[in-house]
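A closer look at the structure
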Amino acid sequence: MNRYLPYLFLLLALAVPHVTRGTQTEFAIELLITGIFALSLNILIGRLGLISFGHGMFLGVGAYLAAFQLRNVTDNLFLLLLAALLVGAVIALLVGALVLRLGGVGFVMITIAMCQLVYVVILSTQTWSGGINGLTSIPRPTFWKDAPAWLSLDTGATFFYVALACLVVFIWLLKRLDASAMGSVFEGIRQNPGRMLALGYPVRAFQLTGFVMAGAAAAVAGALHASLFGFVDPTVFFWTTSGEVILMVILGGATALYGPLVGAMIFLALFHYLSGLTDHWRLVLGLVFVVVVLYAPRGLVPLMAEAWTRRRNRHTTMSPVRPEVRS
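Here we summarise the structure given alongside this text. Keep in mind that this is a model prediction, so the values were computed, not measured. (Residues numbered from 1 in each chain as written. Predicted model: local features only at pLDDT ≥ 70, side-chain atom pairs only at ≥ 80, totals over all residues. Heavy atoms only, no water.)

So, about the overall build of the chain. Along its length, the chain carries 15 helices and 0 strands. Expected size for 327 residues packed as a compact globule is a radius of gyration near 20 Å; at 21 Å, the chain falls within 12% of this value. With respect to the three principal axes, the spread of C-alpha positions in the chain is 85 × 55 × 40 Å. Counting over 327 residues, the chain shows a buried share of 44%. Carbon and sulfur atoms form 68% of the exposed surface of the chain, whose accessible area is close to 17,700 Å². (Helix = DSSP H or I, 4+ residues; strand = E, 2+ residues; numbered from the N terminus. Rg over C-alpha atoms; globule rule 2.2 N^0.38 Å. Buried < 20%, exposed > 50% of the residue type's maximum accessible area, 1.4 Å probe, protein only. Areas by Shrake-Rupley, 256 points an atom, 1.4 Å probe, with all protein chains shown as cover.)

All chains considered together, the criterion is met by 11 aromatic pairs. Ring geometry for Phe 53 against Trp 239: centres 6.4 Å apart, planes inclined by 55°, an arrangement best described as tilted. Separated by 186 residues along the polypeptide, Phe 53 in the loop between helix 3 (23-48) and helix 4 (56-73) and Trp 239 in helix 12 (residues 239-252) bring together distant segments of the chain. Trp 239 gets classed as partly exposed once you look at its relative accessible area, which sits at 36%. (Phe/Tyr/Trp six-rings, centres within 6.5 Å; stacked < 30°, edge-to-face > 60°.)

A positive phi angle, near 55°, is found at Ser 137, a position not held by glycine. Along the chain, the position of Ser 137 falls in the loop between helix 7 (126-129) and helix 8 (156-179).

What follows deals with the pattern of salt bridges. Per the stated rule, a full pass over the model turns up 3 salt bridges. The salt bridge partner of Glu 187 is Arg 190, with a shortest N-O separation of 2.6 Å. Of this pair, Glu 187 and Arg 190 both sit in helix 9 (residues 181-191), 3 residues apart, which is roughly one turn of the helix. A relative accessible area of 29% means that Glu 187 is categorised as partly exposed. Glu 306 is the salt-bridge partner of Arg 298, the closest N and O atoms lying 2.3 Å from each other. Given the relative accessible area of 47%, Arg 298 is considered partly exposed. (Salt bridge = Lys/Arg side-chain N within 4 Å of Asp/Glu carboxyl O.)

By the element assignment, Thr 20 lies in the loop between helix 2 (16-19) and helix 3. Among the polar contacts made by the side chain of Thr 20, one reaches the main-chain carbonyl oxygen of Val 16 at a distance of 2.9 Å. At a separation of 2.8 Å, a polar atom in the side chain of Thr 20 contacts the side chain of Thr 25. (Polar contact = N/O pair within 3.5 Å; in protein donor to acceptor, adjacent residues only side chain to side chain.)

Attention now moves to the environment of Phe 53. Counting along the chain gives 197 residues from Phe 53 to Ile 250, while the straight-line C-alpha distance between them is 14 Å. In this structure, Phe 53 is in contact with Val 108, Thr 111, Ile 112, Cys 115, Trp 239, Ser 242, Gly 243 and Ile 246, ignoring residues within four places of it in sequence. (Contact = heavy atoms within 4.5 Å.)

A few words on helix 13 (residues 259-277). Compared with an ideal rise of 1.5 Å per residue, which puts 19 residues at 27 Å, helix 13 spans 27 Å between its outermost C-alpha atoms and is within 8% of the ideal. Of all the positions in helix 13, only Gly 259, Pro 260, Leu 261, Gly 263, Ala 264, Phe 267, Leu 268 and Leu 274 are classed as buried. (Expected span 1.5 Å × (residues − 1).)

Right, let's get into the nonpolar core. Burial of nonpolar side chains together is a common tendency in soluble globular proteins. Ile 33, Phe 211, Leu 224, Val 232 and Phe 237 are the most contacted members of the largest nonpolar core, which has 87 residues in total. A per-element tally of this core places helix 11 (residues 203-229) first, with 15 residues. Filtering out sequence-adjacent residues up to four positions away, Ile 33 remains in contact with Phe 159, Ala 163, Ala 221, Leu 224, His 225 and Leu 228. (Core = buried A, V, L, I, M, F, W, Y, C linked by side-chain atoms within 4.5 Å.)

Bringing helix 11 into the picture now. Since there are 3.6 residues in each turn of an α-helix, residues three or four apart along the chain are aligned in direction. In a regular helix each residue adds 1.5 Å, so 27 residues correspond to 39 Å; helix 11 covers 39 Å between its end C-alpha atoms and thus fits that length. For helix 11, the buried fraction is high: 20 of the 27 residues fall into the buried class. Following helix 11 by one or two positions, Gly 230 adopts a phi angle in the positive range, close to 65°.

Relative to the assigned elements, Ser 52 resides in the loop between helix 3 and helix 4. What makes Ser 52 buried here is its relative accessible area of 1%. Look past the residues within four positions of Ser 52 in its chain and what remains in contact with it is Leu 41, Leu 44, Phe 107, Thr 111, Ser 242 and Ile 246.

Running from N to C, helix 3 and helix 12 cross one another at 80°; their axes reach a closest spacing of 9 Å. Between helix 3 and helix 12, the angle is such that the two are roughly perpendicular. Along the contact surface, helix 3 presents Thr 34, Phe 37, Ala 38, Leu 41, Asn 42 and Ile 45, while helix 12 presents Thr 241, Val 245, Ile 246, Met 248 and Val 249. Here the residues of the contact of helix 3 with helix 12 sort into 8 nonpolar, 3 polar and no charged. (Axes fitted to C-alpha atoms, helices over the stretch in contact; angles between N-to-C directions. Parallel < 35°, antiparallel > 145°, perpendicular 65-115°, else oblique. Nonpolar A, V, L, I, M, F, W, Y, C, P; charged D, E, K, R; others polar.)

None of the figures reported here should be taken as evidence of function without further support.
Shown next, in the form of structure tokens:
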């Protein structure tokens, strides 16, 4: 049954644009894009044991790059995503080569520092980045010039399916990674990097590989985010953006493939609906997070999986055994 659940949820997702309208569809697209962002960070947290408070930097790089392309260069969706993927990977390679020299608290602090440095740079470059006001009036991308109207990304349904396709491809790649030899090495590094180094594995090289993967995927999410809202501002580089996505990963479960995706959906749902009900929504969100950490330290998805397994085992144990009929 468990193996069919992802396909069931995929079928339900395909129906979303047909039962939502306007801002509802836009919110559903935001959920998918944020899910990609959270899953990208989990390459570091869930597979390598690296907690980065600077992951929002790559989201911002993809967003500002997409804004520049859409306003000045091209509106082609494929070129947009390809550029975000490549530039995000290159910047992650350069940043990772620097920050991975440190471990533990040093790694956390240097990622915060670099993210804040980029934030200050964006604020001080009014001429091309818009400064504190950001960039507005970003047009939507297109599949190609003179594409038919039903393929226009100005409609929420088409954009939703593009974001869903990106998410599905990314999840498929993550599953392939987890099933590969590299995925096994990543897991070994997460559990005990010292032992893996003693066994002869180049730990830092594998960490850098994962860092590049995570940065490239986050940049793609940033490009989709800027294209969706037609706006990007420097707050995407602020350390709180990275802090929020860490909460999403922990909330859903870093050790579960779909944990960060579920965590992102829960976090955004609470954010959108609680902020409309009370000005103290951060307090409620904080209390929810504290309860999850206390009673589900591995995250909600592993908790639900374990509960389902116990229920199934109990049902199997209580099922009556039919006596054999001898002929």
